[in-house]
Amino acid sequence: MLSRRGLVRGVLGASCAALAPSLPAWSTPAVPADDAADMVRFIAALPKAEYHVHLEGTLEAEMKFALAKRNGLDLPFADVAAMKASYVYHDLPSFLAIYYDGMKVLRTEQDFHDLAYAYLARAASQNILYAEMFFDPQEHLKRGVPMAAVIGGITSARESAAAQLGIGSQLILCFVRDLSAESAMETLNAALPFRQHLVAVGLDSDEKDHPPIKFAAHFAKARAAGLKVTAHCDLNQKDILEHIRQAIVDIRVDRIDHGGNILESPELIAMARARNLSFTVCPSFSGTVRGEAPPIDVVRGMLDAGLNVTINSDDPAYMGSEYLNEVLVQAQARSALTKAELVGLSRNAFKAGWMGEAPRAACLARLDAFARAEGVTG
Ligand SMILES: [Zn+2]
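This text gives an overview of the structure that appears in the document. This one's a predicted model, so the numbers in the text were calculated from it and none came from an experiment.

In the structure shown here, the tally under the stated rule is 20 salt bridges. Note that Glu374 is salt-bridged to Arg41, the shortest N-O span being 2.9 Å. A residue pair is termed long-range when its members are at least 10 positions apart, and Glu374 in helix H15 (residues 357–374) and Arg41 in helix H1 (residues 33–45) qualify at 333 residues. Given a relative accessible area of 25%, Glu374 falls into the partly exposed group. For the salt bridge of Lys142 with Glu139, the shortest nitrogen-to-oxygen distance reads 3.3 Å. Of this pair, Lys142 and Glu139 both sit in helix H6 (residues 137–142), three residues apart, which is roughly one turn of that helix. On the basis of relative accessible area, Glu139 is assigned to the buried category, the value being 8%. Overlapping salt bridges, with partners in common, bring together Asp38, Arg41, Lys339 and Glu374 in one network.

So this is what it looks like as structure tokens:
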């Protein structure tokens, strides 16, 4: 989620002039239109995976109205445009208020099915072959929605999307870190009967004063049940380097969500590389590491540090309806990513996925075929 993630939206659209060929003297644009259009085409066609998307963050305003009508709920907005105009955040609490309020329209198993299927359909349309998706069951249990309805709806959508659209997916249960440890344990216990529908547990929401170690027992119990473990280490948060250290050393996570501040610590970078950890970076909100002049570009910095970076969309419905293709187009321009690096990012993602070896090989074969057809090595 957003700063649930960093609320510091970076400067987008930096020049990708490094990719441009020499231009005749009469031509002035820094990025030729043909090159920019070709990069958009390349990114759209690139076989991709996504590992950092909050299903509740894909709840588009249009669907909120449809679900509210179906469930007999009133919304305090005249129309979709008015709702979208309210998506203005000046700090984390103001974002979370809108985010959590928005998901109140999710009431039934069918609602969760529709939400997940809509995301997976959008993802499939963007050549995402495989997705691992977060959800926040505590927020739904608080409203009296049974765990069976939440997981059941999402699971049936995953099965339908796989059969009808060919997109693979798995589900990551997130603990809402600013709620109590007791609440998170109750949620984990309620979810374990549905263990076969989950691949991992994660940690999201407001990070300030809620370190990973607060959930050490939860992660241990989940791991004992065969689940993978990941955690948000949002950008530029209080005590963020200690949080990253806890995630790597104390919790021994299998992956880190965001984690850009690792660039401030050569020691942590060395640990992450030794563990071959992957990072699910969301460049729309993980633009630059704090303070430095000039600021460090997270994607460029992490790639240059030899870290396993994947690019992801986070909460697209609250970020201008920008899904992975749009996020990648912006990241490519800002971080001057080459086509070979874009292929490398997809390769990182397919290697980092918690999928079986047969689907992983199939995804990598699709990527290799694409790269060969494009004449790109990487
Ligand atoms: Zn997130």
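After that view of the structure, there is still more to cover.
The next subject is the nonpolar core. Residues Tyr119 and Ile262 are the most contacted members of the largest nonpolar core, which totals 106 residues. Among the elements that take part in this core, helix H7 (residues 147–165) stands out by supplying seven residues, more than any other. The contact partners of Ile262, leaving out residues within four places of it in the chain, are Ile244, Ile248, Leu268, Ile269, Ala272, Phe279, Met302 and Leu307. By size, the runner-up hydrophobic cluster in this structure holds six residues, among which are Ile172, Cys174, Val199 and Trp354.

Next up on the list: the environment of Gln246. Structurally, Gln246 can be placed in helix H10 (residues 240–250). In the structure, Gln246 is positioned 34 residues away from Pro212 in sequence and 6.3 Å away in space, judged by C-alpha atoms. Discounting chain neighbours no more than four positions away, the residues touching Gln246 are Pro211, Pro212, Ile213, Ile251 and Arg252.

Cut-offs used in this document
- Residues numbered from 1 in each chain as written.
- Predicted model: local features only at pLDDT ≥ 70, side-chain atom pairs only at ≥ 80, totals over all residues.
- Heavy atoms only, no water.
- Salt bridge = Lys/Arg side-chain N within 4 Å of Asp/Glu carboxyl O.
- Helix = DSSP H or I, 4+ residues; strand = E, 2+ residues; numbered from the N terminus.
- Buried < 20%, exposed > 50% of the residue type's maximum accessible area, 1.4 Å probe, protein only.
- Core = buried A, V, L, I, M, F, W, Y, C linked by side-chain atoms within 4.5 Å.
- Contact = heavy atoms within 4.5 Å.

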